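# Residue-level structure breakdown
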Amino acid sequence: MDLRYDSIAALIEAAKQSGRKLSELVLEQQAVQMEQSADELYEIMRKSYAVMAASVEEGKAPGVRSASGLSGGDAYRMARAEREGNVLCGGVFSGALTRALAVSEWNAAMGRIVAAPTAGSCGILPAAVLTLQAERKLPERACVMSLFTASAVGMVIANNACIAGAQGGCQAECGSAAAMAAAALVELCGGTPDMLGDAVSISLGNVLGLVCDPVAGLVEIPCIHRNAAGVAGALVAAQLALAGIRSPIPADEAILAMKRVGDAMPTALKETAEGGLAATPAGKRLYEQVFGKNEEGDASPASVSYTHLRAHETGRNLVCRLLLEKKKQNKTNNKKKKKLKKKKKKT
């Protein structure tokens, strides 16, 4: 079957026509396209799922800290609250929050994660699927297969809008991840293809306009907590859809709406660390804590490039090196300023 990844509606129709799960169609089609067997592709995805599970365990361990020192320990605290029964909404919700925080904090600590679809939103899909597996004792194969459904949704979003915060704000990163996770949850719970589409639409509609404003230009604050909010949104969307609650706006139209909102969003709110929480007094203090004062002598975050923000995805020690280089640069700039001030005083 020739699947199209330019429309959620087309994917839904293909699943309905075949009477099979979307994940099965995606695996079959991708195997043909990539000239590999279905078993080989499944094994690749299974290994990714294993990395997701490992990142949860690593991320919720005590003592996890990011290279910048801005984050770490929240997953451990959430897991402890779970163990002590200090939770508001039961095992599925609290477990999902713990896992989303764990993967995101492990990412910030330079650990190995699966970008799903990006490193900045890496905690949402793993948290959704792993939590449901733990709570409902689901077989691993069903969970791995649900990742193919999530991937298909992610491809449609990427083809019609974007998945990068620098292009469309956090709605494009955490929003896309939540939509992918909601689709996976619907399939795992036996929902229909139409329910899957409703879950995607509801997920995106609930985060429309969410800006990307990383404090100090690092994918930590508020990104880690937004991963927790993202999996919560995925659970909400999946539950509404599974209850038969329809979205009046089709998923494909919601995706295009997200693109238009992202295009209209000012640059200051698209991963540059020039607006939102990054531009608050506290955000500026945290910037100074990590990098020191900028060239103008204040703690206002300098514009951060997409390459800078995504550097930690390409090498284990790259962010550590980047931070050191920034600190050295600031020290050098400060020394130059002091020398200039002394010369002015003498003259």
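Our subject is the structure that appears above.
Residues numbered from 1 in each chain as written. Predicted model: local features only at pLDDT ≥ 70, side-chain atom pairs only at ≥ 80, totals over all residues. Heavy atoms only, no water.

## Examining the packing of aromatic side chains
- Summed over the entire model, instances satisfying the criterion amount to 1 aromatic pair.
- Geometrically, the ring pair formed by Tyr-287 and Phe-291 is tilted, given 5.2 Å between the ring centres and 50° between the ring planes. A residue pair is termed a helical-turn pair when its members lie 3 or 4 positions apart in one helix, as Tyr-287 and Phe-291 do in helix α13 (residues 281-291) at 4 residues.
- Stacked on the ring of Tyr-42, the Lys or Arg Arg-141 has its end atom at 4.2 Å from the ring centre. (Phe/Tyr/Trp six-rings, centres within 6.5 Å; stacked < 30°, edge-to-face > 60°. Helix = DSSP H or I, 4+ residues; strand = E, 2+ residues; numbered from the N terminus. Lys NZ or Arg CZ within 6 Å of the ring centre and 35° of its normal.)

## Points about helix α11 (residues 223-242)
- Between its first and last C-alpha atoms α11 spans 28 Å; for 20 residues at 1.5 Å apiece the expected length is 28 Å, and the two agree.
- A positive backbone phi angle near 90° is found at Gly-244, which sits one or two residues after α11. (Expected span 1.5 Å × (residues − 1).)

## Description of the nonpolar core
- Formed by 88 residues in total, the largest nonpolar core has its most connected members in Tyr-49, Met-52, Leu-125, Val-129, Val-153, Val-200 and Val-231.
- Ranked by residue count, the leading element in this core is helix α9 (residues 170-188), at 14 residues.
- In this structure Met-52 touches Val-103, Val-114, Ala-116, Leu-125, Pro-126, Leu-130 and Leu-147, once residues within four positions along its chain are discounted. (Core = buried A, V, L, I, M, F, W, Y, C linked by side-chain atoms within 4.5 Å. Buried < 20%, exposed > 50% of the residue type's maximum accessible area, 1.4 Å probe, protein only. Contact = heavy atoms within 4.5 Å.)

## Quick notes on the environment of Ala-109
- With respect to the element layout, Ala-109 can be found in the loop between α5 (90-108) and α6 (124-136).
- A C-alpha to C-alpha distance of 5.8 Å links Ala-109 and Ala-67, two positions 42 residues apart in sequence.
- The residues touching Ala-109, leaving out its near neighbours within four places in the chain, are Val-64, Arg-65 and Ser-66.

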